[in-house]
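# Structural overview for review
This is what each chain is made of:
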Amino acid sequence: MIQSRHIYIILRDYKYFSNRAKLALMDRFLIDHIDPLGQGVFKKDGEVFFIPKTLPDEEGIFKILKQKKGVCFGQLEKLTKKSPDRITPECRHFNTCSGCHFLHTDYSNELKIKTQTFARMLRDIPHLDIKVLASDQRLHYRNRIQLHYDKNLIGFKQSKTNHIIAVPDCLIMQPQLKQVFDDFLSQWQQQRRRLKEPTRGHVELYFKNNEIKINWNKPYASGGFTQVNEPLNKKVQDLILAQYGEIEGGLLELFGGEGNLSHKLNFDRRVCVDLYTDPNDDQVNLDLFKEDALKIFKKKVTDDFGCVFIDPPRSGFKGLSKWIEHYRPKNLLYMSCNPITQINDIKPILESYEVSDIWLIDFFPSTFHFESIIVMQQKS
Ligand SMILES: C[S@@+](CC[C@H](N)C(=O)[O-])C[C@H]1O[C@@H](n2cnc3c(N)ncnc32)[C@H](O)[C@@H]1O
């Protein structure tokens, strides 16, 4: 173990080390702020360092894990100055697992950090204050998890090293899924020998409507998308109900699945468009990323729509302005799990639409992820 006095000696000549030699080094840090991935950020000699599981103003020693073109990823080794906001993590895996990012501070501080992150992203968008919809449960909420395996080893993948970490006491799963997970782990060694799947890969465990699903080596949520935090999903449906109540002039839900977001609303007519939906009167099966998606849709559905909801995957929806220009809805609600693409998508329509409400929906407590809802109205 390197002692702090030795670190000073190493640091004096830090810039003369080759990149390979630097990887074995430790360095001191002073955290400035938290980035959108929940990592503490520290800058020195023109280099930016990212150190997860730290807090603003904390000081300490970190080990360099990865370094490239002035950007360096480190691992916390020792704290020499702790933030008053630091708490003991509830989960025993927190220090080694990269699944959760904020269990070293309390939930109100986690929400504060996420709100600050979101506000920085929104700096170019004229808007009112960000409203926050918190989760009642900070842990024990997920109904779907993805595990990685490699021969005998099974667990979560560490983000920077890709090592698989066993997490038998993970606290993120809702109770029924945790039971499925415990049974799955206890049978893993026998099951693995009988498995016809490749010796390394991933498996998804999923619990919904009292049904258990185990999917081997399929894309995430391949059986159809559903929100992973069901109690908060119900609150989102209530929030949307309070916002709109009755929809006038028809509702078009793009990337709508089976209409989860408008589940509690009253409407004369609703059409949900999704790649994985079973087509019927209310649901249109269409690849919205296709160049001619709008043209295809107009041939299938001739209605007008006074309201459009959109809830795309992380990549966002670059075609939004084309659809909005065509339907000119009075009301538009954009929900997203990636505020960066969401903000880029709405920029082209800001001349004719104004933002009336912005919500941070804390769908994934303990992690850096969150969803956001931007509510817009056509300018008069
Ligand atoms: C974030 S989910 C939202 C689903 C729904 N709003 C909900 O709350 O359950 C994104 C949806 O986009 C759909 N999707 C992904 N790629 C698509 C594409 N190319 N065209 C249309 N829908 C797509 C997925 O099937 C998924 O249902």
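### Things to note about the site of the ligand
The environment of the ligand is made up of 15 residues, and the closest members are Asn-260, Asp-274, Asp-287, Leu-288 and Asp-311. A distance of 2.9 Å separates an oxygen atom of the ligand from a polar side-chain atom of Gln-227. One of the backbone nitrogen or oxygen atoms of Leu-288 is found 2.9 Å away from a nitrogen atom of the ligand. A breakdown of the residues in the shell around the ligand according to their chemical character gives nine nonpolar, three polar and three charged.

### Some words on the sheet that holds strand β5 (residues 59-68)
Taken together, six strands build an open sheet; the order of strands is β1-β5-β6-β4-β3-β2 and the sheet is mixed. The open sheet has two edge strands, β1 (26-30) and β2 (33-34), and neither has a second partner. Where strand β4 (residues 47-52) meets strand β6 (residues 71-81), three bridges bridge the pair, whose relative direction is parallel. Paired with Val-48 across the bridge in β6 is Val-71.

### A word on the state of the cysteines
Counted according to the given criterion, the structure contains zero disulfides. We note that Cys-307 lacks a disulfide partner, and the nearest cysteine sulfur, in Cys-272, lies 12 Å from it.

### A few points about helix α4 (residues 175-186)
The end-to-end C-alpha separation of α4 is 17 Å, in line with the 16 Å expected for 12 residues at 1.5 Å each. Taken as a whole, α4 has its buried residues at Leu-177, Lys-178, Val-180, Phe-181 and Phe-184. Buried residues of α4, viewed axially, fall in a sector of 160 degrees; they line one side. For α4, the exposed residues set more than 90 degrees away from the buried face come down to Pro-175 and Ser-186. Where α4 is buried, its residues contact β8 (144-150), β9 (153-157), α5 (188-194), β11 (200-208) and β12 (211-216). One side-chain oxygen of the residue at the start of α4 lies 2.9 Å from the amide nitrogen of Gln-176, identifying that residue as Gln-174.

### Considering the sheet that holds strand β17 (residues 283-285)
If you walk across this open sheet you meet the eight strands as β7-β20-β21-β19-β18-β14-β16-β17, and the pairing is mixed. Both outer strands of the open sheet, β7 (130-133) and β17, are each paired with one neighbouring strand and no more. Neighbouring strand axes in the sheet, compared pairwise and without regard to direction, differ in orientation by 20 degrees on average. Where β7 lies against strand β20 (residues 353-361), four bridges are found, and the strand directions are parallel. Within β20, the residue paired with Ile-130 across the bridge is Ile-358. With respect to the sheet, helix α7 (residues 293-300) is in contact with β14 (251-254), β16 (270-274) and β17, its orientation differing from that of β17 by roughly 135 degrees. Running at roughly 155 degrees to strand β19 (residues 331-336), helix α9 (residues 339-346) makes contact with β19 and β21 (371-378) of the sheet.

Rules and cut-offs
Residues numbered from 1 in each chain as written. Predicted model: local features only at pLDDT ≥ 70, side-chain atom pairs only at ≥ 80, totals over all residues. Heavy atoms only, no water. Near = heavy atom within 4 Å. Polar contact = N/O pair within 3.5 Å; in protein donor to acceptor, adjacent residues only side chain to side chain. Nonpolar A, V, L, I, M, F, W, Y, C, P; charged D, E, K, R; others polar. Pairing = 2+ DSSP bridges. Helix = DSSP H or I, 4+ residues; strand = E, 2+ residues; numbered from the N terminus. Disulfide = S-S within 2.5 Å. Expected span 1.5 Å × (residues − 1). Buried < 20%, exposed > 50% of the residue type's maximum accessible area, 1.4 Å probe, protein only. Arc of directions from axis to C-beta. Contact = heavy atoms within 4.5 Å. Axes fitted to C-alpha atoms, helices over the stretch in contact; angles between N-to-C directions.

Any link to function would need more than the numbers given here.
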